[in-house]
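Chain residues, written in single-letter form:
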Amino acid sequence: MAIGYEITLLIADDSEEMRETLKTLLTFNEKIKVVGEAADGKEAVEKVEQLNPNLVLMDINMGVMGESDGIWATQEISLKHPQTGIIIISVQDEGDYMRRAMSAGARDYLVKPFDSDELFKTIETVAERERVMWGNLPATQAPVMSTEGIGRVFTIFSPKGGVGKSVITANLAVEVYKRTQKRVLVVDLDLQFGDIALILNIAPRSTIAHLAELASDQLDPDLIEEHISDSASGVRVLAAPLKPEYAEIVTPQVVSDVLKAIRNLYDYVFIDTVPSFGNEVLAAMDVSDDIFLIVAPDFLTLKNITLGLAVMETLNYPTEHIHLILNRAQSMSSVKVRDVEKGLQRKVLAEIPSDGEIVVGSINRGQPLVISHASSPVAKAIGEIADIIVTENEDEEGKVEKGSRGILGGIFGKR
Ligand SMILES: Nc1ncnc2c1ncn2[C@@H]1O[C@H](COP(=O)(O)OP(=O)(O)OP(=O)(O)O)[C@@H](O)[C@H]1O
Ligand SMILES: [Mg+2]
(Lines give C-alpha, C1' and ligand atoms only; values in the text may rest on other atoms or scores of the structure.)
(Ligands and ions follow the chains in the order given, each with its own letter.)
Protein backbone atom coordinates (compact mmCIF):
# COMPACT_ATOMS: atom_id res chain seq x y z
CA MET A 1 0.00 0.00 0.00
CA ALA A 2 1.43 3.37 -0.96
CA ILE A 3 1.04 5.59 2.03
CA GLY A 4 4.20 7.63 1.64
CA TYR A 5 4.15 9.28 5.05
CA GLU A 6 5.18 8.48 8.57
CA ILE A 7 2.72 6.92 10.97
CA THR A 8 3.36 7.93 14.57
CA LEU A 9 2.41 5.29 17.09
CA LEU A 10 2.13 4.82 20.84
CA ILE A 11 2.42 1.36 22.38
CA ALA A 12 0.31 0.75 25.48
CA ASP A 13 0.97 -2.60 27.13
CA ASP A 14 1.59 -3.56 30.76
CA SER A 15 4.21 -6.13 29.79
CA GLU A 16 7.60 -4.57 29.19
CA GLU A 17 8.61 -7.65 27.24
CA MET A 18 5.68 -7.23 24.86
CA ARG A 19 6.46 -3.54 24.39
CA GLU A 20 10.06 -4.39 23.50
CA THR A 21 8.94 -7.12 21.07
CA LEU A 22 6.52 -4.76 19.35
CA LYS A 23 9.13 -1.99 19.15
CA THR A 24 11.65 -4.38 17.60
CA LEU A 25 9.12 -5.65 15.06
CA LEU A 26 8.11 -2.12 14.15
CA THR A 27 11.67 -1.03 13.42
CA PHE A 28 11.35 -3.19 10.28
CA ASN A 29 8.67 -0.92 8.85
CA GLU A 30 10.06 2.45 7.83
CA LYS A 31 6.64 4.12 7.59
CA ILE A 32 5.91 3.52 11.26
CA LYS A 33 7.59 5.48 14.03
CA VAL A 34 7.07 4.51 17.68
CA VAL A 35 6.88 7.84 19.53
CA GLY A 36 6.14 6.59 23.03
CA GLU A 37 5.13 3.81 25.41
CA ALA A 38 2.67 3.42 28.26
CA ALA A 39 2.35 0.70 30.87
CA ASP A 40 -1.32 1.26 31.76
CA GLY A 41 -4.46 2.97 30.48
CA LYS A 42 -3.99 6.13 32.50
CA GLU A 43 -0.47 6.61 31.19
CA ALA A 44 -1.73 5.89 27.64
CA VAL A 45 -4.25 8.75 27.91
CA GLU A 46 -1.56 11.10 29.27
CA LYS A 47 0.91 10.15 26.54
CA VAL A 48 -1.70 10.67 23.81
CA GLU A 49 -2.31 14.14 25.23
CA GLN A 50 1.42 14.92 25.17
CA LEU A 51 2.47 13.24 21.94
CA ASN A 52 -0.67 13.34 19.78
CA PRO A 53 0.20 10.12 17.87
CA ASN A 54 -1.69 8.97 14.78
CA LEU A 55 -2.36 5.57 16.35
CA VAL A 56 -2.25 3.67 19.63
CA LEU A 57 -1.59 -0.06 19.84
CA MET A 58 -3.56 -0.83 22.99
CA ASP A 59 -3.36 -4.02 24.98
CA ILE A 60 -6.91 -4.65 26.09
CA ASN A 61 -6.01 -6.42 29.27
CA MET A 62 -3.78 -4.13 31.28
CA GLY A 63 -3.69 -4.76 35.02
CA VAL A 64 -6.97 -4.58 36.88
CA MET A 65 -10.22 -3.76 35.13
CA GLY A 66 -11.55 -0.23 35.60
CA GLU A 67 -9.90 3.20 35.80
CA SER A 68 -6.74 2.30 33.95
CA ASP A 69 -7.62 -0.65 31.75
CA GLY A 70 -7.61 -0.75 27.96
CA ILE A 71 -11.35 -0.21 27.48
CA TRP A 72 -11.41 2.80 29.78
CA ALA A 73 -8.40 4.29 27.97
CA THR A 74 -9.98 3.57 24.56
CA GLN A 75 -13.11 5.42 25.57
CA GLU A 76 -11.19 8.37 27.01
CA ILE A 77 -8.96 8.73 23.96
CA SER A 78 -11.86 8.32 21.50
CA LEU A 79 -13.79 11.08 23.24
CA LYS A 80 -10.97 13.53 23.88
CA HIS A 81 -8.70 12.80 20.90
CA PRO A 82 -10.90 11.35 18.16
CA GLN A 83 -8.14 11.90 15.60
CA THR A 84 -5.99 9.27 17.30
CA GLY A 85 -6.98 5.81 16.01
CA ILE A 86 -6.82 2.87 18.41
CA ILE A 87 -5.93 -0.71 17.53
CA ILE A 88 -6.75 -3.18 20.25
CA ILE A 89 -4.54 -6.16 21.04
CA SER A 90 -6.20 -9.10 22.72
CA VAL A 91 -5.95 -12.85 23.15
CA GLN A 92 -8.29 -15.44 21.71
CA ASP A 93 -10.81 -15.80 24.53
CA GLU A 94 -11.43 -12.10 25.12
CA GLY A 95 -14.16 -11.78 22.49
CA ASP A 96 -16.66 -10.07 24.76
CA TYR A 97 -14.13 -7.68 26.18
CA MET A 98 -12.93 -6.90 22.67
CA ARG A 99 -16.44 -6.10 21.42
CA ARG A 100 -16.74 -3.64 24.27
CA ALA A 101 -13.47 -2.01 23.24
CA MET A 102 -14.65 -1.73 19.64
CA SER A 103 -17.87 -0.09 20.76
CA ALA A 104 -15.81 2.26 22.97
CA GLY A 105 -14.24 3.57 19.77
CA ALA A 106 -11.36 1.28 18.77
CA ARG A 107 -10.84 1.16 15.00
CA ASP A 108 -9.51 -2.38 14.60
CA TYR A 109 -8.01 -5.26 16.55
CA LEU A 110 -5.22 -7.80 16.49
CA VAL A 111 -5.53 -11.19 18.18
CA LYS A 112 -2.37 -12.66 19.71
CA PRO A 113 -0.33 -14.36 18.39
CA PHE A 114 0.04 -12.28 15.23
CA ASP A 115 2.95 -12.00 12.82
CA SER A 116 4.67 -8.86 11.59
CA ASP A 117 2.77 -8.89 8.27
CA GLU A 118 -0.54 -8.81 10.10
CA LEU A 119 0.73 -6.10 12.42
CA PHE A 120 1.96 -3.86 9.58
CA LYS A 121 -1.14 -4.42 7.46
CA THR A 122 -3.50 -3.53 10.29
CA ILE A 123 -1.54 -0.42 11.24
CA GLU A 124 -1.25 0.79 7.64
CA THR A 125 -4.91 0.12 6.87
CA VAL A 126 -6.16 1.95 9.95
CA ALA A 127 -3.72 4.83 9.34
CA GLU A 128 -4.90 5.14 5.75
CA ARG A 129 -8.56 5.13 6.81
CA GLU A 130 -7.86 7.81 9.40
CA ARG A 131 -5.95 9.85 6.85
CA VAL A 132 -8.89 9.74 4.40
CA MET A 133 -11.30 10.63 7.19
CA TRP A 134 -9.31 13.51 8.61
CA GLY A 135 -7.00 14.38 5.75
CA ASN A 136 -9.12 17.02 4.03
CA LEU A 137 -10.19 18.60 7.26
CA PRO A 138 -7.32 19.23 9.63
CA ALA A 139 -8.29 20.17 13.17
CA THR A 140 -6.73 23.59 12.89
CA GLN A 141 -8.95 24.59 9.99
CA ALA A 142 -11.37 27.48 10.39
CA PRO A 143 -15.10 26.73 10.60
CA VAL A 144 -16.10 25.10 7.37
CA MET A 145 -19.83 25.65 7.03
CA SER A 146 -20.21 27.94 4.05
CA THR A 147 -23.63 29.47 3.61
CA GLU A 148 -23.46 31.46 0.42
CA GLY A 149 -26.54 31.39 -1.78
CA ILE A 150 -30.19 32.20 -1.30
CA GLY A 151 -31.53 29.00 0.21
CA ARG A 152 -31.26 27.53 3.67
CA VAL A 153 -29.64 24.11 3.84
CA PHE A 154 -30.13 21.61 6.65
CA THR A 155 -28.35 18.30 7.10
CA ILE A 156 -30.16 15.66 9.12
CA PHE A 157 -27.56 13.35 10.62
CA SER A 158 -26.97 10.76 13.30
CA PRO A 159 -23.94 8.57 13.99
CA LYS A 160 -26.43 5.75 14.62
CA GLY A 161 -28.54 3.96 12.01
CA GLY A 162 -32.30 3.46 12.16
CA VAL A 163 -33.02 6.41 14.45
CA GLY A 164 -35.53 8.09 12.14
CA LYS A 165 -33.36 10.38 9.99
CA SER A 166 -35.20 9.65 6.76
CA VAL A 167 -38.70 9.82 8.24
CA ILE A 168 -37.90 13.13 9.92
CA THR A 169 -36.15 14.63 6.86
CA ALA A 170 -39.06 13.89 4.52
CA ASN A 171 -41.79 14.97 6.93
CA LEU A 172 -39.96 18.09 8.08
CA ALA A 173 -39.56 19.18 4.46
CA VAL A 174 -43.27 18.65 3.84
CA GLU A 175 -44.17 20.67 6.95
CA VAL A 176 -41.95 23.56 5.84
CA TYR A 177 -43.57 23.40 2.39
CA LYS A 178 -47.07 23.41 3.95
CA ARG A 179 -46.20 26.55 5.89
CA THR A 180 -44.39 28.49 3.19
CA GLN A 181 -45.45 27.09 -0.22
CA LYS A 182 -41.88 27.88 -1.21
CA ARG A 183 -39.42 25.82 -3.20
CA VAL A 184 -38.47 22.97 -0.86
CA LEU A 185 -36.09 20.18 -1.85
CA VAL A 186 -35.04 16.94 -0.20
CA VAL A 187 -31.64 15.56 -1.22
CA ASP A 188 -31.17 11.87 -0.48
CA LEU A 189 -27.51 11.28 0.38
CA ASP A 190 -28.14 7.73 1.57
CA LEU A 191 -26.52 6.88 -1.73
CA GLN A 192 -26.76 3.11 -1.51
CA PHE A 193 -30.09 2.55 0.20
CA GLY A 194 -31.95 5.84 -0.02
CA ASP A 195 -35.46 5.78 1.45
CA ILE A 196 -36.75 9.25 0.62
CA ALA A 197 -38.36 8.23 -2.69
CA LEU A 198 -40.33 5.54 -0.90
CA ILE A 199 -41.37 7.77 2.01
CA LEU A 200 -42.56 10.50 -0.38
CA ASN A 201 -44.02 7.89 -2.71
CA ILE A 202 -42.23 8.73 -5.93
CA ALA A 203 -40.61 6.58 -8.60
CA PRO A 204 -37.76 8.80 -9.77
CA ARG A 205 -36.54 8.35 -13.32
CA SER A 206 -33.48 10.45 -12.65
CA THR A 207 -31.22 10.69 -9.61
CA ILE A 208 -28.08 12.31 -8.22
CA ALA A 209 -26.10 9.58 -10.04
CA HIS A 210 -27.23 11.11 -13.35
CA LEU A 211 -25.96 14.51 -12.21
CA ALA A 212 -22.67 12.90 -11.22
CA GLU A 213 -22.09 11.97 -14.84
CA LEU A 214 -21.93 15.64 -15.80
CA ALA A 215 -18.84 17.79 -15.42
CA SER A 216 -19.18 20.49 -12.76
CA ASP A 217 -19.22 23.28 -15.37
CA GLN A 218 -22.27 21.65 -16.93
CA LEU A 219 -24.32 21.95 -13.75
CA ASP A 220 -26.58 24.71 -14.97
CA PRO A 221 -29.94 25.25 -13.27
CA ASP A 222 -32.06 23.81 -16.09
CA LEU A 223 -30.03 20.65 -16.20
CA ILE A 224 -30.16 20.20 -12.44
CA GLU A 225 -33.93 20.62 -12.47
CA GLU A 226 -34.23 17.90 -15.12
CA HIS A 227 -32.88 15.39 -12.61
CA ILE A 228 -35.11 16.46 -9.74
CA SER A 229 -38.48 14.76 -9.18
CA ASP A 230 -41.85 16.14 -8.07
CA SER A 231 -43.81 14.54 -5.27
CA ALA A 232 -47.52 14.77 -4.49
CA SER A 233 -46.66 16.52 -1.21
CA GLY A 234 -45.30 19.56 -3.07
CA VAL A 235 -41.75 18.89 -1.95
CA ARG A 236 -39.25 18.12 -4.70
CA VAL A 237 -36.62 15.36 -4.44
CA LEU A 238 -33.10 14.80 -5.67
CA ALA A 239 -33.24 11.05 -5.26
CA ALA A 240 -30.52 8.57 -4.33
CA PRO A 241 -29.13 6.34 -7.10
CA LEU A 242 -31.52 3.59 -8.16
CA LYS A 243 -29.00 0.83 -7.41
CA PRO A 244 -26.38 0.60 -4.62
CA GLU A 245 -23.61 0.02 -7.17
CA TYR A 246 -24.17 3.48 -8.70
CA ALA A 247 -23.39 5.15 -5.38
CA GLU A 248 -19.66 5.28 -5.90
CA ILE A 249 -19.84 7.66 -8.85
CA VAL A 250 -21.38 10.25 -6.54
CA THR A 251 -18.09 11.53 -5.14
CA PRO A 252 -17.76 14.13 -2.35
CA GLN A 253 -16.82 16.67 -5.04
CA VAL A 254 -20.04 15.94 -6.93
CA VAL A 255 -22.05 16.30 -3.72
CA SER A 256 -20.36 19.60 -2.97
CA ASP A 257 -20.81 21.01 -6.50
CA VAL A 258 -24.44 19.92 -6.72
CA LEU A 259 -25.37 21.30 -3.30
CA LYS A 260 -23.70 24.64 -3.95
CA ALA A 261 -25.62 24.96 -7.22
CA ILE A 262 -28.87 23.81 -5.62
CA ARG A 263 -28.88 26.32 -2.80
CA ASN A 264 -29.37 29.06 -5.37
CA LEU A 265 -32.40 27.29 -6.79
CA TYR A 266 -34.36 26.34 -3.67
CA ASP A 267 -35.52 28.23 -0.60
CA TYR A 268 -35.15 25.25 1.74
CA VAL A 269 -32.99 22.17 1.23
CA PHE A 270 -33.13 19.17 3.58
CA ILE A 271 -30.39 16.54 3.25
CA ASP A 272 -30.86 12.97 4.45
CA THR A 273 -27.63 11.13 5.32
CA VAL A 274 -26.06 7.83 6.35
CA PRO A 275 -24.84 7.15 9.89
CA SER A 276 -21.12 7.72 9.35
CA PHE A 277 -18.73 10.60 8.77
CA GLY A 278 -18.08 9.72 5.14
CA ASN A 279 -16.72 12.47 2.92
CA GLU A 280 -20.11 12.90 1.21
CA VAL A 281 -21.74 13.59 4.56
CA LEU A 282 -18.97 16.05 5.48
CA ALA A 283 -19.43 17.75 2.10
CA ALA A 284 -23.12 18.16 2.94
CA MET A 285 -22.38 19.54 6.39
CA ASP A 286 -19.92 22.00 4.88
CA VAL A 287 -22.63 23.68 2.81
CA SER A 288 -25.28 23.49 5.53
CA ASP A 289 -26.58 26.34 7.62
CA ASP A 290 -27.51 23.97 10.39
CA ILE A 291 -27.27 20.31 11.33
CA PHE A 292 -30.04 18.38 13.05
CA LEU A 293 -28.58 15.54 15.05
CA ILE A 294 -31.14 12.80 15.61
CA VAL A 295 -30.92 11.12 18.99
CA ALA A 296 -32.75 7.99 20.05
CA PRO A 297 -33.24 7.50 23.77
CA ASP A 298 -31.00 4.49 24.28
CA PHE A 299 -27.47 4.20 25.56
CA LEU A 300 -25.92 2.87 22.36
CA THR A 301 -27.17 5.89 20.42
CA LEU A 302 -26.09 8.25 23.18
CA LYS A 303 -22.61 6.74 23.11
CA ASN A 304 -22.39 7.32 19.35
CA ILE A 305 -23.80 10.83 19.66
CA THR A 306 -21.13 11.65 22.25
CA LEU A 307 -18.42 10.38 19.92
CA GLY A 308 -20.06 12.13 16.94
CA LEU A 309 -20.26 15.46 18.75
CA ALA A 310 -16.56 15.16 19.66
CA VAL A 311 -15.70 14.55 16.00
CA MET A 312 -17.79 17.52 14.88
CA GLU A 313 -16.12 19.68 17.48
CA THR A 314 -12.70 18.59 16.27
CA LEU A 315 -13.75 19.44 12.73
CA ASN A 316 -14.75 22.89 13.98
CA TYR A 317 -18.43 22.72 13.10
CA PRO A 318 -19.82 25.56 15.20
CA THR A 319 -21.78 24.04 18.05
CA GLU A 320 -24.53 26.65 17.82
CA HIS A 321 -25.42 25.18 14.43
CA ILE A 322 -25.90 21.67 15.75
CA HIS A 323 -29.34 20.95 17.18
CA LEU A 324 -30.43 17.80 18.95
CA ILE A 325 -33.76 16.22 18.09
CA LEU A 326 -34.85 13.39 20.35
CA ASN A 327 -36.85 10.85 18.35
CA ARG A 328 -39.03 8.10 19.78
CA ALA A 329 -39.15 9.97 23.07
CA GLN A 330 -41.33 8.40 25.77
CA SER A 331 -41.05 4.97 24.24
CA MET A 332 -41.12 2.24 26.85
CA SER A 333 -37.98 1.85 28.96
CA SER A 334 -36.34 4.78 27.16
CA VAL A 335 -33.91 7.28 28.58
CA LYS A 336 -35.64 10.51 29.61
CA VAL A 337 -35.01 13.84 27.92
CA ARG A 338 -33.41 15.38 31.00
CA ASP A 339 -31.00 12.44 31.20
CA VAL A 340 -30.15 12.92 27.52
CA GLU A 341 -29.51 16.62 28.10
CA LYS A 342 -27.45 15.91 31.19
CA GLY A 343 -25.44 13.17 29.48
CA LEU A 344 -24.73 15.20 26.35
CA GLN A 345 -24.43 18.53 28.18
CA ARG A 346 -26.72 20.12 25.60
CA LYS A 347 -30.32 21.19 25.25
CA VAL A 348 -32.68 19.14 23.12
CA LEU A 349 -34.38 21.37 20.53
CA ALA A 350 -37.42 19.12 20.05
CA GLU A 351 -38.86 15.78 21.07
CA ILE A 352 -40.75 13.52 18.67
CA PRO A 353 -42.86 10.85 20.34
CA SER A 354 -42.80 7.20 19.39
CA ASP A 355 -45.77 5.92 17.42
CA GLY A 356 -45.02 2.87 15.30
CA GLU A 357 -48.51 2.51 13.93
CA ILE A 358 -48.60 5.99 12.47
CA VAL A 359 -44.97 6.19 11.34
CA VAL A 360 -44.68 2.72 9.83
CA GLY A 361 -48.30 2.75 8.61
CA SER A 362 -47.80 6.03 6.72
CA ILE A 363 -44.69 4.68 5.01
CA ASN A 364 -46.54 1.54 3.98
CA ARG A 365 -49.42 3.59 2.61
CA GLY A 366 -47.05 5.94 0.76
CA GLN A 367 -48.27 9.13 2.38
CA PRO A 368 -46.07 11.28 4.63
CA LEU A 369 -47.50 11.15 8.15
CA VAL A 370 -47.68 14.93 8.42
CA ILE A 371 -50.29 14.72 5.64
CA SER A 372 -52.07 11.45 6.50
CA HIS A 373 -52.07 12.07 10.28
CA ALA A 374 -51.64 15.81 10.43
CA SER A 375 -53.03 16.15 13.93
CA SER A 376 -51.11 13.24 15.51
CA PRO A 377 -48.56 14.04 18.25
CA VAL A 378 -45.73 12.90 15.93
CA ALA A 379 -46.84 15.29 13.17
CA LYS A 380 -47.29 18.11 15.68
CA ALA A 381 -43.78 17.63 17.03
CA ILE A 382 -42.30 17.74 13.53
CA GLY A 383 -44.50 20.77 12.84
CA GLU A 384 -42.96 22.56 15.81
CA ILE A 385 -39.48 22.11 14.32
CA ALA A 386 -40.81 23.45 11.01
CA ASP A 387 -42.23 26.46 12.89
CA ILE A 388 -38.83 27.19 14.38
CA ILE A 389 -37.15 26.94 10.98
CA VAL A 390 -39.70 29.14 9.27
CA THR A 391 -39.92 31.82 11.96
CA GLU A 392 -36.16 31.99 12.30
CA ASN A 393 -35.73 32.40 8.57
CA GLU A 394 -38.51 34.56 7.22
CA ASP A 395 -39.65 38.07 7.93
CA GLU A 396 -43.32 38.97 8.23
CA GLU A 397 -43.77 39.25 4.48
CA GLY A 398 -42.42 35.75 4.00
CA LYS A 399 -39.10 36.82 2.55
CA VAL A 400 -36.10 34.77 3.57
CA GLU A 401 -34.17 37.01 5.92
CA LYS A 402 -30.65 37.66 4.79
CA GLY A 403 -28.86 38.98 7.81
CA SER A 404 -29.95 36.47 10.41
CA ARG A 405 -27.60 33.64 9.79
CA GLY A 406 -23.88 33.13 9.60
CA ILE A 407 -21.18 31.24 11.37
CA LEU A 408 -21.33 33.34 14.53
CA GLY A 409 -25.01 34.04 14.95
CA GLY A 410 -26.41 30.83 13.58
CA ILE A 411 -29.95 30.81 12.30
CA PHE A 412 -30.99 29.66 15.73
CA GLY A 413 -28.82 32.30 17.29
CA LYS A 414 -31.66 33.57 19.44
CA ARG A 415 -32.02 30.22 21.17
N1 LIG B 1 -41.14 8.48 16.06
C2 LIG B 1 -41.17 7.21 15.62
N3 LIG B 1 -42.04 6.32 16.15
C4 LIG B 1 -42.08 5.04 15.71
N5 LIG B 1 -41.32 4.54 14.75
C6 LIG B 1 -40.43 5.37 14.18
C7 LIG B 1 -40.29 6.74 14.57
N8 LIG B 1 -39.34 7.32 13.83
C9 LIG B 1 -38.87 6.35 13.01
N10 LIG B 1 -39.51 5.19 13.21
C11 LIG B 1 -39.28 3.92 12.51
O12 LIG B 1 -37.93 3.56 12.70
C13 LIG B 1 -37.43 2.95 11.54
C14 LIG B 1 -36.18 3.70 11.08
O15 LIG B 1 -36.53 4.99 10.59
P16 LIG B 1 -35.70 5.67 9.44
O17 LIG B 1 -35.56 4.75 8.28
O18 LIG B 1 -36.25 7.02 9.21
O19 LIG B 1 -34.30 5.77 10.20
P20 LIG B 1 -32.89 6.20 9.58
O21 LIG B 1 -32.17 6.86 10.69
O22 LIG B 1 -33.09 6.96 8.34
O23 LIG B 1 -32.27 4.78 9.26
P24 LIG B 1 -30.97 4.47 8.34
O25 LIG B 1 -29.79 4.81 9.20
O26 LIG B 1 -31.10 3.01 8.07
O27 LIG B 1 -31.09 5.32 7.13
C28 LIG B 1 -38.53 2.97 10.50
O29 LIG B 1 -39.18 1.71 10.49
C30 LIG B 1 -39.46 4.02 11.00
O31 LIG B 1 -40.76 3.78 10.60
MG1 LIG C 1 -32.40 6.58 6.41
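Before reading on, note that the structure itself is shown above.
All values derive from a computational prediction rather than experimental measurement.

Turning our attention to the overall build of the chain. Secondary structure summary: the chain contains 16 helices and 13 strands in total. With 415 residues in all, the chain has 55% of them scored as buried. For the chain, the proportion of contacts with a sequence separation of at least 24, taken over those separated by at least 6, is 76%. Surface summary for the chain: the accessible area is close to 18600 Å², and the carbon and sulfur share equals 51%.

The subject of this paragraph is the site of ligand 1. In the region of ligand 1, 18 residues are neighbours, and Gly164, Lys165, Ser166, Asn327 and Pro353 sit closest. Arg328 is positioned with one of its side-chain polar atoms (N or O) 3.3 Å from a nitrogen atom of ligand 1. For ligand 1, a nitrogen atom lies 2.9 Å from a polar atom in the backbone of Asp355. Protein chains bury 81% of the 630 Å² of accessible surface belonging to ligand 1 in isolation. Where the shell around ligand 1 is concerned, the elements lending two or more residues are helix 6 (165–180), strand 12 (322–329) and helix 14 (356–365).

Burial of strand 3 (residues 55–59) is extensive: five of the five residues sit out of reach of the surface. Burial along strand 3 is two-sided: Leu55, Leu57 and Asp59 and Val56 and Met58, pointing in opposite directions, are all buried. The sheet contact formed by strand 1 (residues 7–12) and strand 3 spans four bridges and is parallel. Considered in strand 3, the bridge of Ala12 is made with Met58. One ladder, built from five bridges, connects strand 3 with strand 4 (residues 85–90); its direction is parallel. Looking at strand 4, one finds that Asp59 is bridged to Ile89.

Quick look at helix 14 now. Listed as buried for helix 14 are Ile358, Val359, Gly361 and Ser362. Against the buried residues of helix 14 lie helix 6, helix 15 (369–372) and helix 16 (377–393). At the exit of helix 14 stands Gly366, carrying a positive phi of roughly 75 degrees.

This part is about the packing of helix 2 (residues 41–51) against helix 3 (residues 70–80). It is the contact of helix 2 with helix 3, at a shortest axis distance of 8 Å, that shows an interaxial angle of 20 degrees. Taken together, helix 2 and helix 3 sit at an angle that is classed as roughly parallel. For helix 2 against helix 3, the interelement crossing comes out right-handed. Contacts from Gly41, Lys42, Ala44, Val45, Val48 and Glu49 of helix 2 reach helix 3 at Trp72, Ala73, Glu76, Ile77 and Lys80. Residues of the contact of helix 2 with helix 3, tallied by class, amount to six nonpolar, one polar and four charged.

Let us now look at the sheet that holds strand 13 (residues 348–353). Spatially, eight strands are ordered 8-9-7-10-6-11-12-13 in an open sheet, and the strand pairing comes out mixed. Only two strands of the sheet have a single partner each, and these edge strands are strand 8 (229–230) and strand 13. Relative to strand 13, strand 12 runs parallel, the two being bridged by five bridges. From the neighbouring strand, Asn327 faces strand 13, where its bridge partner is Ile352. Strands in contact with helix 6 are strand 6 (152–157), strand 7 (184–188), strand 10 (268–272), strand 11 (290–295), strand 12 and strand 13; relative to strand 10, the strand with the most contacts, it is inclined by about 170 degrees. Against the sheet, helix 16 contacts strand 6, strand 10, strand 11, strand 12 and strand 13, and its axis sits at roughly 150 degrees relative to strand 13.

Before going further, it helps to spend a moment on the pattern of salt bridges. Inspection of every chain in the model, using the stated rule, returns 14 salt bridges. The salt bridge partner of Glu76 is Lys80, with a shortest N-O separation of 2.6 Å. Of this pair, Glu76 and Lys80 both sit in helix 3, four residues apart, which is roughly one turn of the helix. Glu225 serves as the salt-bridge partner of Arg236, at 2.5 Å between the closest nitrogen and oxygen. Note that Arg236 is positioned in strand 9 (residues 236–238) and Glu225 in helix 9 (residues 221–226), a separation of eleven residues in sequence. The same class applies to Arg236 as to Glu225, namely buried. Taken together, the salt bridges that share partners define one network made up of Arg19, Glu20, Lys23 and Glu37.

To continue, consider the nonpolar core. One recurring pattern in soluble globular proteins is that nonpolar side chains are buried together. Phe270 and Ile389 are the most contacted members of the largest nonpolar core, which has 41 residues in total. Contacts of Phe270, omitting those with residues within four sequence positions, involve Phe154, Ile156, Thr169, Leu172, Ala173, Val176, Val184, Leu185, Val186, Val187 and Ile389. Membership of the second largest hydrophobic core comes to 27 residues, among which are Val153, Leu191, Leu259 and Ile262.

Before going further, it helps to spend a moment on the packing of aromatic side chains. The final tally for this structure, using the stated rule, is three aromatic pairs. Ring centres of Phe154 and Phe270 lie 5.3 Å apart, and the angle between their planes is 20 degrees; this geometry places the pair in the stacked category. Here Phe154 is found in strand 6, whereas its partner Phe270 is found in strand 10, with 116 residues between them in sequence. Classification of Phe154 as buried rests on a relative accessible area of 0%. For Phe270, a relative accessible area of 0% corresponds to the buried category. Here the aromatic rings of Phe154 and Phe292 are separated by 5.7 Å at their centres, their planes lie at 25 degrees, and the arrangement is stacked. Separated by 138 residues along the polypeptide, Phe154 in strand 6 and Phe292 in strand 11 bring together distant segments of the chain. By relative accessible area, Phe292 is classed as buried at 0%. Counting every residue linked through ring pairs, the aromatic cluster contains Phe154, Phe270 and Phe292. Its end group placed over the ring of Tyr266, Arg183 keeps NZ or CZ at 4.3 Å from the ring centre.

Criteria and thresholds
Residues numbered from 1 in each chain as written. Chains lettered and ligands numbered in written order. Predicted model: local features only at pLDDT ≥ 70, side-chain atom pairs only at ≥ 80, totals over all residues. Heavy atoms only, no water. Helix = DSSP H or I, 4+ residues; strand = E, 2+ residues; numbered from the N terminus. Buried < 20%, exposed > 50% of the residue type's maximum accessible area, 1.4 Å probe, protein only. Contact = heavy atoms within 4.5 Å. Areas by Shrake-Rupley, 256 points an atom, 1.4 Å probe, with all protein chains shown as cover. Near = heavy atom within 4 Å. Polar contact = N/O pair within 3.5 Å; in protein donor to acceptor, adjacent residues only side chain to side chain. Pairing = 2+ DSSP bridges. Axes fitted to C-alpha atoms, helices over the stretch in contact; angles between N-to-C directions. Parallel < 35°, antiparallel > 145°, perpendicular 65-115°, else oblique. Left-handed = near helix turned anticlockwise from the far one by under 90°. Nonpolar A, V, L, I, M, F, W, Y, C, P; charged D, E, K, R; others polar. Salt bridge = Lys/Arg side-chain N within 4 Å of Asp/Glu carboxyl O. Core = buried A, V, L, I, M, F, W, Y, C linked by side-chain atoms within 4.5 Å. Phe/Tyr/Trp six-rings, centres within 6.5 Å; stacked < 30°, edge-to-face > 60°. Lys NZ or Arg CZ within 6 Å of the ring centre and 35° of its normal.

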